[in-house]
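For reference, the chains in residue letters:
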Amino acid sequence: MHVVPSLDPGSPRVRFGSEMRRLREAAELSQAAVASRLGCTQTQVSRLEKATRTPSRSDAERLDQLFGMAEGVSFTRLHQSITAQSGSPIWFRSWAEEIEPTLLVLRSWDPLLIPGLLQTEAYARHVFSQGPQVTPEEVDERVEARMRRQHILDRKKPPMLLALVDAGVLRRRIGGPEVMCEQLGHLLELSRRPAVFIQVVDPECVAGLAGAFMIAKLPNDQPDVVSSDSPTQAHITTDHDIVTSIWQRYEAIRLWAYPERISLKMIEEARHAWT
C-alpha cells in the first residue's frame, strides 16, 4: 500500500498552498476560475493548495497579479523559498524558465544520458525515479516539467539544437530494452527535423569526462550563457573566461564526434540491438 508522506505544516510549499486557498476563498473564486487564470487544470490547482504539487515561478507571478499581493502575501517570495529548499535546484528552474524559451541555438554535451530535451517520457521517468528518497509525486512533477521544456522544439521557429552524446549512452540500460528501443527511435525521429542535429562521440574522448554542459546562444547579441552541472550543483554564467573555457571543451569533444550520417547509423544499430 502506498503511503503518502506527511507534509511539514511550516514548509514554504504548504504555506503557499494554504495562502492560495485562503485568498481564493476570500475572493469567492472557484478552483476552476483560478485554473483558467494560471493556464492549468482544476486538478493542478487542487494539488497546489494541498501542497502535493510544486508551483512554478509563472504560477507564483500570476497569483500575485490575480490577488494583488493582498495582505502582504507574495507568492513569488514563497516560490523562491520553495526552490531554495527543493531537491529540484533553483539554478535549473532559472535555466528552463529564462534561458531555454528565448534561445536561438543550444549546444549540449552529455557523457552519461540522453539530453533532457531529447528524452522520451518513459526514459525521463526512469531516470527521475532512481533519485534518492524521491516520492512518486516528485517524479510526476519532474517528468511533467521535462516534457514541458521540450515544447520549445515544437515552436514555429524552433531553436537549433546541436547535441553531442557519448557512444556509451546508446548502450546504457535505462528502464529496460523497451524503453531504450523507444528512446533511440525517438532520437531518429527528432533527427529528421531541420533544426535538430545529433552526433555520437567516440567513447575514447577524454575531454568529455569532466561532465555535461550546455551553451546557449541568445537573441539581440546577448552574451552566450553556459550551464555546467553535476548531480548536486550547477553553474550558470555569462562570465567570459568560463564561457570561453566551455567553448574550448565543446570544440575538443566535437573533434571526436562522428559525422551525422554515421552517428544516425550507430543509433539505428543500437536501437536494433535493444529489440
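Residues numbered from 1 in each chain as written. Predicted model: local features only at pLDDT ≥ 70, side-chain atom pairs only at ≥ 80, totals over all residues. Heavy atoms only, no water.

Where helix α7 (residues 121–129) meets helix α8 (residues 136–149), the closest approach of the two axes is 9 Å, and the angle between their N-to-C directions is 140°. Classified by the angle their axes make, α7 and α8 are oblique. Our pair here, α7 against α8, has a crossing hand that is right-handed. Note on element contacts: α8 touches α7 through V139, D140, R142, V143, R146 and M147, opposite E121, A124, R125, F128 and S129. (Axes fitted to C-alpha atoms, helices over the stretch in contact; angles between N-to-C directions. Helix = DSSP H or I, 4+ residues; strand = E, 2+ residues; numbered from the N terminus. Parallel < 35°, antiparallel > 145°, perpendicular 65-115°, else oblique. Left-handed = near helix turned anticlockwise from the far one by under 90°. Contact = heavy atoms within 4.5 Å.)

Right, let's talk about the packing of aromatic side chains for a bit. Enumeration over the complete set of coordinates arrives at 3 aromatic pairs. Seen in terms of ring centroids, F16 and F75 are 5.0 Å apart; in terms of plane orientation they differ by 70°. Their pairing is edge-to-face. Residue F16 is located in helix α1 (residues 12–26), and its partner F75 is located in helix α5 (residues 75–85); the two are separated by 59 residues in the primary sequence. F75 matches F16 in its accessibility class, with the two residues each being buried. Ring centres of W247 and Y250 lie 5.8 Å apart, and the angle between their planes is 80°; this geometry places the pair in the edge-to-face category. Of this pair, W247 and Y250 both sit in helix α10 (residues 240–254), 3 residues apart, which is roughly one turn of that helix. Taken together, the aromatic side chains of F16, F67 and F75 make up a single cluster linked through ring pairs. (Phe/Tyr/Trp six-rings, centres within 6.5 Å; stacked < 30°, edge-to-face > 60°. Buried < 20%, exposed > 50% of the residue type's maximum accessible area, 1.4 Å probe, protein only.)

Once that is clear, we can look at the pairing of strand β4 (residues 213–217). Counted residue by residue, β4 has 4 buried out of 5 residues, so it is predominantly covered. Looking at chain direction, strand β1 (residues 105–110) and β4 are connected through 5 bridges and run antiparallel. Counted as the bridge partner of S108 is M214 from β4. (Pairing = 2+ DSSP bridges.)

A few words on helix α2 (residues 31–38). Here α2 has its buried residues at Q31, V34, A35 and L38. Looking straight down α2, one finds its buried side chains confined to an arc of 105°; they lie on one side. For α2, exposure combined with an orientation more than 90 degrees from the buried face picks out S36 and R37. Just downstream of α2 lies G39, where phi reads positive at about 75°. (Arc of directions from axis to C-beta.)

This brings us to the environment of I267. Assignment of secondary structure puts I267 in helix α11 (residues 260–274). A relative accessible area of 0% places I267 in the buried class. Considering only alpha carbons, one finds I267 and R171, 96 residues apart in sequence, at a separation of 9.6 Å. If near-sequence neighbours (up to four positions away) are discounted, I267 is found in contact with L170, L184, L187, L188, I198 and V200.

Moving on to the environment of I253. Within the secondary structure, I253 is located in helix α10. For I253, a relative accessible area of 0% puts it in the buried group. Each residue touching I253, except ones within four places of it in the same chain, is listed here: W109, L164, V201, C205, A207, G208 and F213.

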